[in-house]
Amino acid sequence: QVQLAESGGGLVQPGGSLRLACASSGIRFSISTMGWYRQAPGNQREWVADILSGGRTTYADSVKGRFTISRDNAKNMVYLQMNDLKVEETAVYYCNTVPPKGTWGQGTQVTVSL
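How each quantity is defined
Residues numbered from 1 in each chain as written. Predicted model: local features only at pLDDT ≥ 70, side-chain atom pairs only at ≥ 80, totals over all residues. Heavy atoms only, no water. Pairing = 2+ DSSP bridges. Helix = DSSP H or I, 4+ residues; strand = E, 2+ residues; numbered from the N terminus. Axes fitted to C-alpha atoms, helices over the stretch in contact; angles between N-to-C directions. Buried < 20%, exposed > 50% of the residue type's maximum accessible area, 1.4 Å probe, protein only. Lys, Arg positive; Asp, Glu negative; His and termini not counted. Salt bridge = Lys/Arg side-chain N within 4 Å of Asp/Glu carboxyl O. Polar contact = N/O pair within 3.5 Å; in protein donor to acceptor, adjacent residues only side chain to side chain.

Caption draft 1: Representation of the sheet that holds strand β6 (residues 57–59) in the model. With respect to topology, six strands assemble into an open sheet ordered β2-β10-β9-β4-β5-β6, the strand pairing being mixed. The two strands at the open ends of the sheet, each matched to only one other strand, are β2 (10–12) and β6. Neighbour to neighbour, the strand axes of the sheet diverge by 25° on average, direction disregarded. One ladder, built from three bridges, connects β2 with strand β10 (residues 108–112); its direction is parallel. Residue pairing in the sheet places Leu11 in a bridge with Thr111 of β10.

Caption draft 2: Representation of the sheet that holds strand β7 (residues 67–72) in the model. Across the sheet, which stays open at both edges, the four strands sit in the order β1-β3-β8-β7 with antiparallel pairing between neighbours. The strands lining the two open edges of the sheet, one partner per strand, are β1 (3–7) and β7. Strand-to-strand, the axes of this sheet are offset by a mean angle of 15°, without reference to chain direction. Two elements, β7 and strand β8 (residues 77–82), share six bridges in a ladder whose sense is antiparallel. Bridge assignment links Phe67 to a residue of β8, and that residue is Met82.

Caption draft 3: Quick peek at the side chain of Arg71. Mapped onto the elements of the fold, Arg71 is located in strand β7. Of the side chains with opposite charge, Asp50 comes closest to the buried, unpaired Arg71, at an N-O distance of 8.2 Å. Here Ser32 takes part through its backbone oxygen, which lies 2.9 Å from a polar atom of the side chain of Arg71. For Arg71, the side chain forms a polar contact with the main-chain oxygen of Ile51, separated by 3.0 Å.

Caption draft 4: The arrangement of the pattern of salt bridges in detail. Evaluated as defined, the whole model comprises four salt bridges. Salt-bridge contacts for Arg38 lead to Glu89; the nearest nitrogen and oxygen are separated by 3.4 Å. Residue Arg38 is located in strand β4 (residues 34–39), and its partner Glu89 is located in the loop between β8 and β9 (91–97); the two are separated by 51 residues in the primary sequence. The residues Arg38 and Glu89 share a single accessibility class, namely buried. Put simply, Glu89 and Arg66 hold a salt bridge, and the shortest N to O gap is 2.5 Å. Note that Glu89 is positioned in the loop between β8 and β9 and Arg66 in the loop between β6 and β7, a separation of 23 residues in sequence. As far as the burial class goes, Glu89 and Arg66 line up, both buried. A network of salt bridges, in which partner residues are shared, links Arg38, Glu46, Arg66 and Glu89.

This is the structure:
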């Protein structure tokens with residue numbers, strides 16, 4: 001069973017930064033594409049970024065140049081460094097494989113506000 005646990009969210013002012021972490025188990029992490037998703041209240045969950053097993057990264061246009069996804073295969077961890085955060089990016093952030101499968105974790109709340 002795939003299990004995912006996100007952490008690192010919090011309250012930050014516009015223009016601030018946060019680093020999210022995702023611990024995974026129950027998958028062949030080292031050969032899986034991993035991604036970050038986010039969901040604001042009332043909205044669909046949307047894809048934000050992903051990273052292939054070999055390290056190649058892809059980003060949604062809205063976050064290019066500001067977010068960086070990374071992974072540590074030895075630790076089964078994936079990270080998301082978020083810089084210059086915008087109010088519109090307030091959401092619960094989740095990790096999962098790309099495409100997603102299994103159950104979602106609880107996510108971690110990111111609130112960008114004055």
